[in-house]
Amino acid sequence: SIARLFSFSGYLHAILYPAALTDPACIFRLEHSGVWRLLTRLPEILSGFGFSVAESTLVLAGGRNSYDLSSPCVPTVHTVDLNDPDLVWSRLRNLPFACSFPEVVTLGSYVHVLGQYGCESSDSRKVLSLDLCVPEHEQCWSTDIIPSVPYRKCRAHVLNECLVVVGGGDEHGQWVPSVSVYVPECGKFLELPSLNEASYPVCLSHDNTLYTVHRLSTRIDCLSV
């Protein structure tokens, strides 16, 4: 089954779980001929990870070293240069804590991890940031670059070079329709118009417009920043 879809360099890519669930997931690219071509496998068995593409670098963060959702979370971060003919995987410094299903976004030279599951409640709203331009031996995850998000388990998206967080859950475990944008000049998140309903939506963007698709009602909300 398809774990993730993403676009890079004009090609659609798919991360597919193996049918037998005994091997790492595979990354395929849809060629212009209409044929899917196997590019590489993930460096280890991973499920429930978050990912993002920073320029040509695919970043995978968190997840589980098993296809069993009851297995422990991991703090690992893997990267691969999609322009590298050999597609050699590398490891970044581990996250400060293990988590699953995080949102991973890139802004400038930074990769940000947020909205994570499977961690302590005190960590669930933290935004972890790492500068990819810093030499590897000096890299360190920081919570000082971007403040904590308004709600835990939120979705995150970069829209018009702005970090937008969508939805999430409150301290009572209820979904909220909140939408906020991070404004670096004032160092905090500012509220935007709320979604039409509270849910855990699927988010995508096109032409500087954010679209959120609600899983139950299939309602689509649109937002421009």
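All of these numbers come straight from a predicted model, not from anything done at the bench.

J.: Please give an account of the overall build of the protein that cites residues and values.
T.: Counting secondary structure elements, the protein contains zero helices and 18 strands. For 225 residues, the compact-globule formula gives about 17 Å, and the C-alpha radius of gyration of the protein, at 17 Å, lands near that figure. Summarising its shape, the C-alpha atoms of the protein cover approximately 45 × 40 × 35 Å along the three principal directions. Within the protein, the fraction of its 225 residues that count as buried is 48%.

J.: Lay out the sheet that holds strand S6 (residues 57-61) with the relevant residues and their values.
T.: Within the open sheet, the four strands sit side by side as S5-S6-S7-S8. Their pairing is antiparallel. At either end of the open sheet lies a strand with only one pairing partner, and these are strand S5 (50-54) and strand S8 (89-91). On average, each strand axis in the sheet is tilted by 25° relative to the strand beside it, whichever way the strands run. In terms of strand pairing, S5 meets S6 through five bridges, oriented antiparallel. Note that in S6 the partner of phenylalanine 51 across the bridge is leucine 60.

J.: Give a description of the pattern of salt bridges that names residues and reports values.
T.: Counting across every chain of the model gives four salt bridges. Glutamate 31 serves as the salt-bridge partner of arginine 29, at 3.2 Å between the closest nitrogen and oxygen. Residue class for glutamate 31 comes out buried when judged on its relative accessible area of 18%. It is possible to trace a salt-bridge network through shared partners that takes in Arg29, Glu31 and Arg37.

J.: Got a sec to walk through the nonpolar core? Specific residues and values, please.
T.: Ranked by size, the top nonpolar core spans 18 residues in total, and within it Phe6, Leu42, Phe49, Leu58 and Leu60 carry the most contacts. Of all the secondary-structure elements, those providing two or more residues to this core are strand S1 (2-8) and S6. In this view, leucine 42 contacts Pro24, Ala25, Ile27, Phe49, Leu60 and Trp89; residues no more than four positions away in its chain are not counted. Within the second largest apolar cluster, 14 residues are counted, among which are Val77, Leu92, Phe97 and Val104.

J.: With reference to specific residues and values, describe the sheet that holds strand S15 (residues 188-192).
T.: The strand order across the open sheet formed by four strands is S12-S13-S14-S15, and the pairing between neighbours is antiparallel. Since the sheet does not close on itself, it has two edges, and those belong to strand S12 (155-159) and S15, each with one partner. When the angles between neighbouring strand axes are averaged without regard to direction, this sheet yields 30°. As judged from the three bridges shared by strand S13 (residues 162-166) and strand S14 (residues 179-183), these two strands associate in the antiparallel manner. The residue bridging valine 164 from the neighbouring strand is valine 181, located in S14.

J.: Run through unusual backbone geometry, naming residues and quoting values.
T.: A positive phi is found at asparagine 160, a non-glycine position, where the angle reads about 55°. The residue asparagine 160 is located in the loop between S12 and S13 in this model. Look at asparagine 160 and you get partly exposed, because its relative accessible area is 42%. Non-glycine residue glutamate 161 carries a positive phi angle of around 65°. Take glutamate 161: it is sitting in the loop between S12 and S13.

J.: Give a detailed account of the side chain of threonine 106, specifying residues and quantitative values.
T.: Here threonine 106 lies in strand S9 (residues 103-107). Those residues in contact with threonine 106, other than ones at most four positions away along the chain, are Ser52, Val53, Ala54, Val111 and Val158.

What counts as what
- Throughout this document, residue positions are counted from 1 along each chain, in the order its sequence is written.
- At least 70 in pLDDT is required for a residue's local features to be given in this predicted model, at least 80 for side-chain atom pairs to be given and counted, and no such filter applies to totals for whole chains, interfaces and linings, which use all residues.
- Remark: hydrogens and water are excluded; side-chain values derive from all non-hydrogen atoms of the structure.
- For the purposes of this entry, the term helix denotes a DSSP run of H or I that reaches at least four residues, the term strand denotes a run of E that reaches at least two, and both are numbered from the N terminus.
- Restricting the calculation to C-alpha atoms gives the radius of gyration, and the globule rule supplies 2.2 Å times the number of residues raised to the power 0.38.
- We call a residue buried when its accessible area falls under 20% of the maximum for its residue type, exposed when it is over 50%, and partly exposed in between, using a 1.4 Å probe and counting protein chains only.
- Only when DSSP finds a minimum of two bridges between them are two strands counted as paired.
- Only C-alpha atoms enter the line fits that serve as axes; for helices the fit covers just the stretch in contact. Angles between N-to-C directions range over 0 to 180 degrees.
- Salt bridges are defined by distance alone: a side-chain nitrogen of Lys or Arg within 4 Å of a carboxyl oxygen of Asp or Glu.
- Only buried Ala, Val, Leu, Ile, Met, Phe, Trp, Tyr and Cys residues count toward a nonpolar core, and they belong to the same one when joined by side-chain atoms within 4.5 Å.
- We call two residues in contact whenever any of their non-hydrogen atoms come within 4.5 Å of each other.

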